[in-house]
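# Close look at the chain arrangement
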Amino acid sequence: MSVAHISWISGPVLRARALGPFRLREAVHVGSRGLLGEVIRIQGDEIVAQVYEDTTGLRPGVAVTGSGFLLGITLGPALLGRIFDGLLRPRADASTHYVEPGMKAEAPLEFDFTPRLRAGEYARGGSVLGEVVNHAGTRQSCLVPPDAEGEVLTIQAPGRYPDNLPLSTLRAVDGSSRAIAMSHFWPVREPRPVAKWLPSDEPLVTGQRILDSLFPVALGGKAAIPGGFGTGKTVLLEALAKSCSADVIVYVGCGERGNEMAGVLDEFPRLADPRTGRPLMERTVIIANTSNMPVAAREASIYSAVTVAEYFRDQGLQVALLVDSTSRWAEALREVSVRFGELPSEGGYPPYLSSRIAEFYERAAKVTTLAGSTGSVTVLGSISPPSGDFSEPVTSHTKRQVRSFWALDVKRAQSRFFPAINPLQSYSEDSLDLESWWAKVYADLPPDGPAAGDEWLALRRRFLTLLDEQARLERMARIIGKDALPARQQLILFCAELVNEGFLRQSAFSETDLYCGPQRQARMMRSLARFIEEAEAALARGVSYEAIAAMAIVRPLERMGEDITESNVQAFADLAQRMDSEFAGLTPSPGAKREA
Amino acid sequence: MRPSLLVSGAASRIDGPLLFLRRTLNVGLNHAVSVHGGDGRTRLGRIAAIDEEFLTVELLESGAGLALADTVVRFHLEPLHFGLSTGILGRVFDGVGRVIDGGPPIPIHRSFQIDGLPLNPVARARPHDFIETGISAVDLMNSLVRGQKLPIFSGGGLPHDRLAVQIANHARLRGAESQDFAIVFAGIGVPHASADYFRRSFEASGVLERAALFLNLASDSSTQRLLTPRFALTAAEYLAFVEGKHVLVILTDMTNYCEALREVSGAKGDVPGRKGFPGYLYSDLATLYERAGCLHGLAGTLTQLSILTMPSDDIGHPIPDLTGYITEGQIVLSRELDRAGIYPPISVLPSLSRLMKDGIGRGSTDTDHPALASQLYAAYAKATQARVLASVVGEEGLLEIDRKYLAFGAGFEQELVSQTSARTLEASMEIGWRLLRALPKVELSRLSDAQIAQYIEAQR
Ligand SMILES: Nc1ncnc2c1ncn2[C@@H]1O[C@H](COP(=O)(O)OP(=O)(O)OP(=O)(O)O)[C@@H](O)[C@H]1O
Ligand SMILES: [Mg+2]
C-alpha cells in the first residue's frame, strides 16, 4: 500500500505528498481513525483527495494510506431491507445517536448458501454462483463478479458461511485462479457490464394515474421530477417506492432531511408490498446521506446507489432507483470542486456537470444480463431548482438526458392539488413505445363501443388537448370575463376541471387512492371520456351548460379515486348506467341556443 | 478545561476575517483558538486550513484592533465547546455563550462541541405529537408537531415576534398539563428592542425561568452571528437529549445569520453564488436546521421555530428558498393581510407543514381534520383565483359560483385566519365547517358523502 503525508487541508479536501504510486479514484484511509477518502487528482508527487467524513483534527504530517482499490462497495446478500450511508456502510444501529467519523465496515454476516455451480463447469462473469436466503427470508442469487471467469475448481457444499468467505475457486484460461465469495467488490463509478441493451416496451407501473396514463416511464427508463420546495417530490418518490411494479427499490436520500429517512424507516417495515404481501422493507435498500452529513459522501452516494441497483439488475430483477435529490448531489460536486480550486462554470458548477449527469442517467437501462436474463434499472431523480426556476443548469442538463419529465407546479401544490404535476409542462417520450402494453390492458376490459387498438393513446391525447384548451380559455376569460365565454367553451373549462379533480388528483395519503392499477386507471379514463362526449352531445341538442354542470353524476365522477376501490369493477358499470340515464333525462332548455 | 497552549509573535498576515499564523504548533483542523489583541480584547476563532508552514485562522468575531506584533493566540487543541448544566435556564448569555446578566457563572455538568454531530437518521423517531398553538391558521391548516422545524417567513415590520411569543407561550399538547418544557431563544443580530420584547414577554407569562436567552444584538460583531445559533442549539440539545425536556428553540433573525455568512465568505474569497451567498449556504443552514427532532428511547424533543425576514418580501430569495428546502414547512406572513388589519397575517396558501399528516386525524386530533383542511385549501385557492379574475374583469364578469368563492375568501380571512384570542382546535374546525356551508355541495369534492351529511347538510 502506498502512503502519503498531508501537506495541506481545508474542509473535506486535502493535499498530500505521496511516497508511492496512487491511482486516480483510489480509496484512501486518513489518519488513525481511518477516515475514508478518494484520490481526485494527481500532480507529480502530490495527490488531492476528498474525505467522506468530518476532518476535524487532521493536520499536516498525518498519513494517508492507499487501499489499492478504486472507491468501491461490497455487493452481496446483506443489502435488502437495510439502511446505509453514502458509501454503503450500514447505519442500522439506533443506539448511536450521532454519526461519528471513522466508521468501520461491518463484520461479515452469515447466510445459508446453496451452490448452483459444479466443479468442472465453466463459469462466466455474472453467472449464478449459488443461492442464499437472506435475513428477511428472501431468496437471492449470488453472482460471479462480472470481471471473473474460469473453470470451477472447487465449490463449497450447502451450508452456512460468512458472506466474505471464498466458497469457490475459478481458474481462468491464462492459468490464474481467483477465489469467489458470496459478496464481491465493485468500484462505484464504473458501470457494471451487460450482455446487451434492450428496447423497452413495458412501463414501470407507478400506480399514479397522471404518470402511468399520461406521462409513463418505461422499465429501464429515466425520469426527472423538478419542483420547488414543498411541491411534492419526496412524497411522490415515496409513493412510488411503496407501490411501483419493481422487484427491488433503491431509495437514496441525498442531502435531504433526517426526519424523512426516519419516516421511511418507521413506515416501510409495517407496510405490505402490494404484489407479494411481504413487508415493503424487504424489497428496499435505503441509502441515507442527509443534508447535515459530510458533503463529499453525498457526491458519492448516488454512485453507490446505482451500483447497488445494477447488482440487482444483474440478478434478472427489475429495479427502481429513486434519488432525492439530484440537485444536492450536484451541489456537493460544486462544493468539492471549488475547494480544490477548479474554475467554476455556469451557476458555479464545474464545467463537467453536464457530462456527469449524462453518465449517471446512462446507467438506467433494460438489459440482457451477462447471465442471459432480463433485468432493468429505472432511474427517477428529483431536482430542487433554486427558486423553482427550471432554467437553471441542473434542470436543463437533466432535461436533455431523461425521457420522462414530471414538472411540479407551485400553484397546484399551494392549493393542495397533489400530485402537483403540471400536465402542460410535463412530457414522456416513452409513451409511443408503451402503446401495445396499454392495448392489452384495454383489451381486458369489457368492450365500450367499437374496439379501437389505440384507445389509450386516443384518450390520452383527448385529455391532454382538453387541458391545453383549458389554459388557453382561462387566459381569454381573464380578459373578457368568464360569463362572456360561449357555453361550449364554458363546458370545456368544466370538463377540464373534472379531469383534474377526478383523474389527475390522487392523494398519497389516501388508503384507497395511494395506488391506482392500470385497469382502474383505464376505467376511470373511459368514464370521464364518456361524460365529456355525452355532455358535448347534450349541449349540441340544446341542453343548457348550467343544467350539465349541475348534474348529480359530477360528484361521484370527481370522487372515483377516493370512493371506488381497486377491485370494485361493478361500480364503473353502475356509474356509466347512471350517467346515461341522467343525460337522457336532460331536456333542451327553451331559451338556449342550439350549438352546432 | 482541557489544556491549551499560548503562542505569541506567530501572526504573519491579517486579511479580513482571516489571520495567518506561522505553524509553530502541531494543531488540528477546526480546533478552536482565542486571539488576544494588544487592545485587550479576545476573539474566538477556528483553524480553517493548515499547510506545512501556515495556519489559517478564521476569526469568528471582529478582527478590528488586531496587530501582527502583539497578538497572542491561545490554542484550545479541540473544537469549540460549550459547558452546560440546567443552570442555564433563567439566564442570559451573549452570542458566544458568555453570561451577561451579572449573575454567577454556570456550573458545568457536561461540555459539548458547538457544531454538534449529525444525528444518525436511524436513531430518529418520527415526530407525531400535535402541538396546539391556539392559532387557527396553524392548528387547523398547518399543524405543528413536536420535533418539527417550522420557520416563520416574514418581512420587515410584520408581527412575527408577537406570533412567535404567542406560540411559545401557548404551545401545549392537547389536554395535557404544562409539561417539562424549556425555551431557548437566540437573538441573532436583532435590535435591542426586539430582544427586550421577547424577554419581557417571557417574564410576563412566567416562563423566563424556563428560558435560556442568547443575545447577539444588531450592535454586536456580525461574524459572531455565525456562532450564536450554534451555542443556542448546543444548549437546546443538552436540555432535550440529556435532561429530557421538550425544548422550543426560537432563532431570530436567520436572515442576519445568512448575511453574516455572506460577509465572512466574501472576505475569505469564496466563489460567490446566487446574490453573493456562498455555494455552501444550503449545507451550512442544514447543519443548523437539522438539529431538531425526536430520538428513539429519549423523552426530550427539540422543536425549532426560526424567524427570517424575506429580503424585499421575496420568497424566491436564496435565504427563504434554501430554508424552505431544509425545514419541514413554513408559516408565511403577508404584508397584504397585515395592511388589511388581519392578525395573525398568515398567508395560508404558501404556508405548509410537512409533518402535519403524522400529527392529525384519527387517533390524534379529529378523524375529519385532514379532509377539512384539504377542502379549505382547495376552496381558498379558488377564492384567490376568483379574486384575480375579479380584479381584471370586475365582479360583474364573474359567474355566480365565482362570486360565492369571493365571499368565501373574505370570510376565510376575516373569520378563520384573523383572531383576537387563542382558539381550541375544535373552535377552529367549527369555523371551517361553517364557511364551507356557504358553498354548493358539488364544490366540496374533498369531503366524503358522510362528512357532507354530518357537517354540511345536517346544519344548513
Ligand atoms: N401526492 C401527495 N398527496 C398528498 N399530499 C402531498 C402529495 N405530495 C405532496 N404532498 C404534501 O406536500 C408536502 C410537501 O411535499 P414534499 O415533502 O414531497 O415536497 P418536496 O418537493 O420534496 O419539497 P423539498 O424540495 O423541500 O424536499 C407534503 O408534506 C404533503 O403534505
Ligand atoms: Mg423533498
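Residues numbered from 1 in each chain as written. Chains lettered and ligands numbered in written order. Predicted model: local features only at pLDDT ≥ 70, side-chain atom pairs only at ≥ 80, totals over all residues. Heavy atoms only, no water.

### A short note on the overall build of chain B
Regarding its fold elements, chain B presents 13 helices and 22 strands. Here chain B has a C-alpha radius of gyration of 25 Å; the compact-globule value for 460 residues is 23 Å, and the two agree. Its C-alpha atoms give chain B principal-axis dimensions of roughly 85 × 50 × 40 Å. Across the 460 residues that make up chain B, the buried fraction comes to 62%. Partitioning the intrachain contacts of chain B with sequence separation of at least 6 by distance along the chain shows that 71% fall at a separation of at least 24. Of the roughly 16300 Å² that chain B leaves accessible, carbon and sulfur atoms contribute 51%. Computed over 44 positive and 50 negative side-chain charges, the separation of the two mean positions in chain B equals 2 Å. (Helix = DSSP H or I, 4+ residues; strand = E, 2+ residues; numbered from the N terminus. Rg over C-alpha atoms; globule rule 2.2 N^0.38 Å. Buried < 20%, exposed > 50% of the residue type's maximum accessible area, 1.4 Å probe, protein only. Contact = heavy atoms within 4.5 Å. Areas by Shrake-Rupley, 256 points an atom, 1.4 Å probe, with all protein chains shown as cover. Lys, Arg positive; Asp, Glu negative; His and termini not counted. Charge placed at Lys NZ, Arg CZ, Asp CG, Glu CD.)

### Things to note about the environment of Leu5(B)
All names here are of chain B. Note on placement: leucine 5 falls in strand β1 (residues 5-8). Each C-alpha atom, one on leucine 5 and one on aspartate 15, is 24 Å from the other, the two residues being ten residues apart in sequence. Excluding residues that lie within four positions of it along the chain, leucine 5 makes contacts with Leu25, Val73, Arg74, Phe75 and Leu77.

### Side note on the sheet that holds strand β14 (residues 159-162) of chain A
All names here are of chain A. Read across the open sheet, the four strands follow the order β12-β11-β9-β14; overall the sheet is antiparallel. At either margin of the open sheet sits one strand with a lone partner, and together these are β12 (139-143) and β14. Here the strands of the sheet are splayed against their neighbours by 45 degrees on average, with no regard to which way each runs. Pairing analysis gives five bridges linking strand β11 (residues 128-133) to β12, with the strands arranged antiparallel. The residue of β12 that forms the bridge with valine 128 is leucine 143. (Pairing = 2+ DSSP bridges. Axes fitted to C-alpha atoms, helices over the stretch in contact; angles between N-to-C directions.)

### Things to note about the pattern of salt bridges
Residue and element names in this part refer to chain B. Under the criterion given, the structure shown has 70 salt bridges over all chains. Aspartate 115 is the partner of arginine 230 in a salt bridge, and the nearest nitrogen-oxygen pair spans 3.5 Å. Within this pair, whereas arginine 230 is found in helix α4 (residues 228-242), its partner aspartate 115 is found in the loop between β10 (110-113) and β11 (124-125), the two being separated by 115 residues in sequence. Taking the relative accessible area as the measure of exposure, arginine 230 reaches 9% and is therefore buried. Take aspartate 115: its relative accessible area is 36%, and that puts it in the partly exposed class. (Salt bridge = Lys/Arg side-chain N within 4 Å of Asp/Glu carboxyl O.)

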